[in-house]
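# Residue-level structure breakdown
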Amino acid sequence: AVLVVACKGGPVVWTDPVFASRPPAPTDATPAVKVSDPSGCPESFRNTSSGQNKYTAWWRVQPDSSALLMVARSSGGSDWGFAVVADSTDHGVRGCNRPAPSIAADSASGYVHVAYFLEPAAGAGVFFAHSMDSAATFHAPVPIVFGHNPSRVSVASFADRVVVAYEDPNAQQRLIDVALSRTMGHLFESRMQATMDNGNASSPTVRLGSDSIFLWWTESSHDPFGEASRPAYRAATWR
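Let us look at the structure shown here.

Counting across every chain of the model gives six salt bridges. Note that D90 is salt-bridged to R98, the shortest N-O span being 3.0 Å. As far as the burial class goes, D90 and R98 line up, both buried. R94 is the partner of E119 in a salt bridge, and the nearest nitrogen-oxygen pair spans 2.8 Å. Highlighted residues: E119 in the loop between strand 8 (112-118) and strand 9 (125-131) and R94 in the loop between strand 6 (84-87) and strand 7 (102-105), separated in sequence by 25 residues. The partly exposed category is assigned to R94, whose relative accessible area is 28%.

See the structure below:
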């Protein structure tokens, strides 16, 4: 069985969720990095690589408990360079008690993409920003979706395509949605629900192939006496 969702540029065709014999999940977490930031949240560091470049993104907490989204680059095995601020608009007071950002890089274009939950003055939600110069500067962030529930996110890129998977910040029952871009993240043309209506989904991890989306998440039980949680996976054809 499949789920077909209308999408600008062609349909997205999802397979059924898989709970057993699924492919191994990649991780968006990172081993210890050598970025020195006394105000950085230790559990928030996330890494990616592209060719000889490595990138890391993390939250730096401000004195008022708001946070700056930081990104740094290491080229050819060198030390981490000067960190840049990818987003400085947070007005939240969560300190380090916030979901980690997600970062992806594309070797063909040199673009670096970040997705994250933030609470700016205009309204909380899931946001996206990207760099066109290997993380030297970042364009102004754009909202993926507004909502007040802190949401874990995952971003992936392949050539001119970008996908952001995120916990729906407005859903009373936990769902994972995806936002799709065919324009390197300049515009997200489609948004859709990627997990089941009767599920209880969290902690997405997303990857892209040339014409495919691969999504992993954690499915929690509604039954307090049942299995607490189990890994889940589904894929989609995106042409």
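That covers the picture; the talk isn't over yet.
With that settled, consider the side chain of S44. In this structure, S44 sits in the loop between strand 2 (12-15) and strand 3 (46-50). Here S44 falls in the buried class, since its relative accessible area comes to 4%. Discounting residues that sit within four places of it in the chain, S44 has contacts with A57, W58, W59, A100 and P101.

Reading across from one edge, 7-8-9-10 is the order of the four strands in this open sheet, with antiparallel pairing throughout. In this open sheet, the two edge strands, each paired with only one partner strand, are strand 7 and strand 10 (142-146). Taken over all neighbouring pairs, the strand axes of this sheet differ in orientation by 20° on average, direction set aside. Relative to strand 9, strand 8 runs antiparallel, the two being bridged by seven bridges. When the sheet's bridge partners are listed, V112 is paired in strand 9 with S131.

The rules we used
- Residues numbered from 1 in each chain as written.
- Predicted model: local features only at pLDDT ≥ 70, side-chain atom pairs only at ≥ 80, totals over all residues.
- Heavy atoms only, no water.
- Salt bridge = Lys/Arg side-chain N within 4 Å of Asp/Glu carboxyl O.
- Buried < 20%, exposed > 50% of the residue type's maximum accessible area, 1.4 Å probe, protein only.
- Helix = DSSP H or I, 4+ residues; strand = E, 2+ residues; numbered from the N terminus.
- Contact = heavy atoms within 4.5 Å.
- Pairing = 2+ DSSP bridges.
- Axes fitted to C-alpha atoms, helices over the stretch in contact; angles between N-to-C directions.

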